[in-house]
Each structure stands twice: as structure tokens, then as C-alpha cells.
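Residues per chain, in single letters:
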Amino acid sequence: DHLGIVLGRALEHGRLRREVDDARREKLPPIIGESPGLRTALLRLEKAGKSGTATIIVRGETGSGKGLLARYLPAHSARADGPFVELNCSAIPEQLLESELFGHEKGAFTDAKRFKKGLFELADGGTLLLDEIGEMPLALQSKLLRVLQEGEVRPLGSAVVRKIDTRIVAATNR
């Protein structure tokens, strides 16, 4: 009897998991097109999605669907259950961008009244989309390199380095 209950729960869990995965994919706008270039791009994204750790850059002209392709990747990868966090790098003032990405400790700067997790930590176990990364200041791009190479972040005003497992997807028109 106990085995029957356990198997029934396992089957129900699998069915619910497939249902959730399908619902997540349905939330994405459909990618419509039959061109060889689009098919190649989708195949590359699916291949990158299987790796689970590959950092991806999506390049293209403004309005070409870079954001749509960037959202397609985590939905078709092992990180589909993880968080998806998006940041438009051109929409945040340069002075706040570092704090948004890396977080900060209380008192790290004038308006830092409390501890704040950065987007890298919020996306831990999932994907962080850095849209318009070409607009990010060069000094901050070098700090991003450490995240990509070492998989760790240090919030502003902190001496503690935190390990993260966040896939980075970047989009740019440059």
C-alpha cells in the first residue's frame, strides 16, 4: 500500500512538473519565423541551454528580437526553474549600476541605509539578462569580468566575497 502511495505521488509530481514547464514556455511570446538564420540561432541557444553554464551574448540591430532570444534560452535549459532577472544597463544611472548588480552593505555610501542583495545574487541558480550591455561603463565591465571568471561577487562596502551560480546572458546592438 505504501509503495502504491509513493509511486502515485511520484507520478503526480512528474505530471505537475511538466505542466509547470509547459506553462512557463507558454508565457513567452512565440518566436515566429522559418528563416535559416533564425533556425540556426534557436539551435545554438538550445545547445547553450544544455550546457547550463555558458555565458551568452546576443547581438543584433535595435528591434531585431534580442530580448526575445535572451528569454528563450533559460526557458529551454536546465535553469528553467531558477530565477530570471533582467536589467537594462542603459536605464540605470552609472552611479547606481554597480550597487544594483553587486549589492551593498549598510553604510557603504550615503543612501545605503540597509543591506541590499545585488542582481547577481538574486539570480543565483538562474539567469541574469544584461540588456544593452554595450552601454555599461568600461570600469564596471572589468568588474563583470571577475564575476564571469571566478563566479563570485563582493557587495559594495563588504570584505566578504560571495560565490554565485548565475548564468549571464547579455544583449547589445554593438
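Notes on the structure follow.

The rules we used
Residues numbered from 1 in each chain as written. Predicted model: local features only at pLDDT ≥ 70, side-chain atom pairs only at ≥ 80, totals over all residues. Heavy atoms only, no water. Helix = DSSP H or I, 4+ residues; strand = E, 2+ residues; numbered from the N terminus. Buried < 20%, exposed > 50% of the residue type's maximum accessible area, 1.4 Å probe, protein only. Lys, Arg positive; Asp, Glu negative; His and termini not counted. Salt bridge = Lys/Arg side-chain N within 4 Å of Asp/Glu carboxyl O. Contact = heavy atoms within 4.5 Å. Pairing = 2+ DSSP bridges. Core = buried A, V, L, I, M, F, W, Y, C linked by side-chain atoms within 4.5 Å. Axes fitted to C-alpha atoms, helices over the stretch in contact; angles between N-to-C directions. Left-handed = near helix turned anticlockwise from the far one by under 90°. Nonpolar A, V, L, I, M, F, W, Y, C, P; charged D, E, K, R; others polar.

Thoughts on the side chain of Lys66
- Tracing the backbone through its elements, the reader meets Lys66 in helix H3 (residues 66-75).
- It turns out Lys66 is buried and unbridged, and the closest side chain with the opposite charge, Glu132, is 4.7 Å from it.
- Dropping the residues within four chain positions of it, Lys66 is found in contact with Val58, Arg59, Gly60, Glu61, Ala171, Thr172 and Asn173.

Considering the pairing of strand S8 (residues 167-172)
- Of all the 6 residues making up S8, 6 are buried; the element is thus mostly covered by neighbouring parts of the structure.
- Residues of S8 alternate between two faces, with Arg167, Val169 and Ala171 on one and Ile168, Ala170 and Thr172 on the opposite face, all of them buried.
- Across 4 bridges, the pairing between strand S1 (residues 56-59) and S8 is parallel. Paired with Ile56 across the strands is Val169, a residue of S8.
- One ladder, built from 5 bridges, connects strand S5 (residues 127-131) with S8; its direction is parallel. By the bridge assignment for S8, Leu130 is matched with Ala170.

Details of the nonpolar core
- In this structure, Leu87, Leu101, Phe102, Phe120, Leu128, Leu130 and Met136 are the most contacted members of the largest nonpolar core, which totals 20 residues.
- For this core, the secondary-structure elements that each account for two or more residues are strand S2 (84-88), helix H4 (94-102), helix H5 (119-122), S5, helix H6 (138-150) and S8.

Re H3
- Along H3, 8 of the 10 residues are buried, which leaves the element largely enclosed by surrounding structure.
- Here H3 has its buried residues at Lys66, Gly67, Leu69, Ala70, Tyr72, Leu73, Pro74 and Ala75.

Observations regarding the pattern of salt bridges
- On inspection of all chains with the given rule, the structure shows 11 salt bridges.
- Of the charged contacts in the structure, one is a salt bridge between Glu100 and Lys116, with a shortest N-O distance of 2.8 Å. Separated by 16 residues along the polypeptide, Glu100 in helix H4 and Lys116 in strand S4 (residues 116-117) bring together distant segments of the chain.
- Three or more residues joined by partner-sharing salt bridges are found here, namely Glu105, Glu121 and Arg162.

A short note on the packing of helix H2 (residues 36-51) against H3
- One can describe the packing of H2 onto H3 by two numbers: an axis separation of 8 Å at closest approach and a directional angle of 40°. In this structure, the crossing between H2 and H3 has a hand that is right-handed. Two secondary-structure elements touch here, H2 through Leu38, Leu42, Leu45, Glu46, Ala48 and Gly49 and H3 through Leu69, Tyr72 and Leu73.
- When grouped by side-chain class, the residues that make up the contact of H2 with H3 number 7 nonpolar, 1 polar and 1 charged.

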